[in-house]
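The lines below spell out each chain.
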Amino acid sequence: MISASLAILETDEQRNKLAEFYRKYKNRLYAIAYSKLNNKQDAEDAVMETFSRIADKPQKFFRLRNDEQKIMADVIVRNVSVDMYKHANKIETVELSDNIVYDDSENPTEEQLLFKFDKTVLMEFIAQLPPMQRDIMYLRAVHKMEIKEIAKELSVSENVVRQRLYHARQAIQKRLEKEEILK
Amino acid sequence: MNDYTLEEVFEIVYKQEFVEFDNPRKHRFSSRHRRAMKNILHPKSQTKSVDCKVDLSHIPLHKRLLVFSVLIFLAVITGAAFIFRIVGFSGTVYPDNIHMFSLNDPNAPKTIEEVYYLEALPGRYEYADGYGEIGDGVIRRVYTDQQNGGHISFEQYAKCVYNVHYDNEHCTFEELEINGYNGFIWRSNQSELKEICWDNGDYILSICGEIDENEAIFLAKSAKIL
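The rules behind each value
Residues numbered from 1 in each chain as written. Chains lettered and ligands numbered in written order. Predicted model: local features only at pLDDT ≥ 70, side-chain atom pairs only at ≥ 80, totals over all residues. Heavy atoms only, no water. Helix = DSSP H or I, 4+ residues; strand = E, 2+ residues; numbered from the N terminus. Buried < 20%, exposed > 50% of the residue type's maximum accessible area, 1.4 Å probe, protein only. Contact = heavy atoms within 4.5 Å. Areas by Shrake-Rupley, 256 points an atom, 1.4 Å probe, with all protein chains shown as cover. Arc of directions from axis to C-beta. Buried area = accessible area lost by both parts, 1.4 Å probe. Salt bridge = Lys/Arg side-chain N within 4 Å of Asp/Glu carboxyl O. Polar contact = N/O pair within 3.5 Å; in protein donor to acceptor, adjacent residues only side chain to side chain. Core = buried A, V, L, I, M, F, W, Y, C linked by side-chain atoms within 4.5 Å.

> Sorry if this is basic, but what is going on with the overall build of chain B here?
For chain B, the count of helices and strands is 4 helices and 13 strands. Taking all 226 residues of chain B together, the buried fraction comes to 48%. Put simply, 48% of the contacts in chain B that link residues at least 6 apart link residues at least 24 apart. Of the roughly 11,700 Å² that chain B leaves accessible, carbon and sulfur atoms contribute 51%.

Here's what the structure looks like:
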């Protein structure tokens with residue numbers, strides 16, 4: 001599971017930045033991992049894996065603002081931890097059948113959120129999405145990451161990413177319909 | 001469109017979600033973790049140490065068994081001692097025993113700071129005896145198999161303390177890997193007795209007893225910090 005050897009930090013500047021980020025947030029990320037895994041060694045491994053993934057594509061990470069870097073690391077460590085937990089407990093992620101196809105077209109459903117909802121309603125809606133769907137939506141809609149990139153970042157198959165996006169969009173659609181009825 | 005972005009909304013939601021981790025307790029990371037992070041953050045600092053009389057580190061695993069056999073044979077025939085080095089360990093082959101040490105690792109704890117246990121130890125094993133605790137150089141736990149009365153021992157050594165003699169008559173001695181870490185298995189040819197010993201990055205761990213080899217490896221792979 002641990003892929004520490006993948007780390008490819010190319011410059012001293014990147015190394016120093018990531019080392020500083022690690023010093024600042026290691027306890028936070030450990031606490032998030034521990035809340036999912038309840039085991040010291042596994043939680044430390046999850047932190048290690050998180051940094052290994054960040055170090056794998058450092059340019060992308062360092063382009064983010066400080067707040068975004070923190071959120072990104074939180075999201076990765078949580079997903080890594082959940083993945084480790086599932087792996088240890090032999091819980092398999094059920095994948096969608098091939099006939100359910102995620103529509104990856106332009107102007108996706110997510111954009112409609114901004115037109116239809118006010119900020120408070122939108123926050124409430126995003127907060128009640130299952131964390132994994134929310135994470136994938138965040139990476140896709142905000143960071144414009146490709147399905148393949150998201151799958152790699154979160155250690156799931158591309159099909160699972162599509163599946164979660166599909167469900168998130170279904171939820172958006174339902175909510176939009178509900179809003180229409182209320183009007 | 002509204003005067004806010006999806007990004008802003010997500011940020012607020014995530015900040016609320018992770019707010020309980022804003023002031024985390026300070027965790028004392030293990031030296032194993034610290035070393036691994038050092039390799040991620042400063043990969044250029046990784047070095048290889050090779051300065052030995054017989055270095056087996058770069059010989060394929062299946063050929064090392066042959067080399068061990070030759071060294072033991074030479075020690076018996078000549079009465080001389082041969083020093084060899086494998087990854088993490090150094091050993092001296094004498095005519096009637098092999099003396100194993102851990103290679104000097106300045107980053108390794110000098111005493112036991114974190115205690116390991118065997119997560120996969122079946123319920124039929126009951127704790128029988130032992131010694132050592134945090135702060136000591138060695139911790140040993142002996143368990144009895146309630147079904148057949150056999151015993152296994154699980155030992156944890158600070159690397160600087162590890163210093164063990166193994167019989168090399170009527171036995172085999174072979175390298176193996178446990179969760180990616182190097183170690184070796186010693187097997188008696190006259191009984192089911194065997195010992196698996198490996199360097200887990202921080203400590204030397206060993207499982208010894210009259211136990212099936214696959215079960216011993218399975219148990220070794222399940223070693224975790226208590």
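Next comes the rest of the description.
> Explain helix α6 (residues 119-128) of chain A here, please?
Every α-helix carries 3.6 residues per turn, so stepping three or four residues along brings you back to the same face. Buried residues of α6(A): L122(A), M123(A), F125(A) and I126(A), and no others. Each buried residue of α6(A) sits inside an arc of 165° when the element is viewed along its axis, so together they form one side.

> What is the right way to read the interface of chain A and chain B from this model?
Contacts between the two partners involve 50 residues from chain A and, on the opposite side, 40 residues from chain B. Summing the contributions of chain A and of chain B, the shared interface buries around 4,300 Å²; its carbon and sulfur component is 66%. Inspection of the region where chain A meets chain B yields 8 salt bridges. Between E7(B) and R65(A) there is a salt bridge, and its shortest N-O distance comes to 3.3 Å. Counting across the interface, chain A meets chain B through 15 residue pairs in polar contact (both at pLDDT 80 or more).

> I keep staring at the pattern of salt bridges and nothing clicks. Help me out?
Here the idea is simple: oppositely charged side chains can pair when their charged atoms come close. Using the criterion set out here, one finds 25 salt bridges over all chains in the structure. A salt bridge links R78(A) to E17(B); the nearest nitrogen and oxygen atoms lie 2.1 Å apart. Within this pair, whereas R78(A) is found in helix α4 (residues 66-88), its partner E17(B) is found in helix α1 (residues 6-17), the two belonging to separate chains. Using a relative accessible area of 25% as the deciding quantity, one classes E17(B) as partly exposed. Within the structure, one salt-bridge network assembled from shared partners comprises R65(A), E68(A), E7(B) and E11(B).

> What is the right way to look at the environment of I172(A) in this model?
All names here are of chain A. Relative to the helices and strands, I172 is located in helix α9 (residues 158-182). I172 sits in the buried class, given a relative accessible area of 0%. C-alpha of I172 to C-alpha of I126: the two residues are 46 residues apart in sequence and 9.3 Å apart in space.

> Would you mind showing me how to read the environment of E215(B) here?
Residues and elements named next belong to chain B. Checked against the element boundaries, E215 lands in helix α4 (residues 213-221). Distance in space between the C-alpha atoms of E215 and A120 is 9.6 Å, their sequence separation being 95 residues. The residues touching E215, leaving out its near neighbours within four places in the chain, are P122, R124 and Y125. Within polar-contact distance, the side chain of E215 engages the side chain of R124 at 3.2 Å.

> How do you make sense of the nonpolar core when you look at a structure like this?
In a soluble, globular protein the nonpolar side chains are often hidden away together inside. Judged by nonpolar contacts, the single largest core of 66 residues is most densely connected at L18(A), L29(A), F51(A), F61(A), I126(A), V161(A) and F10(B). Here this core gets 11 residues from one element, more than from any other, and that element is helix α1 (residues 12-37) of chain A. With near-sequence residues (within four places) excluded, F10(B) lies in contact with I126(A), R134(A), M137(A), Y138(A) and V142(A). By size, the runner-up hydrophobic cluster in this structure holds 25 residues, among which are I112(B), I211(B), L219(B) and A223(B).

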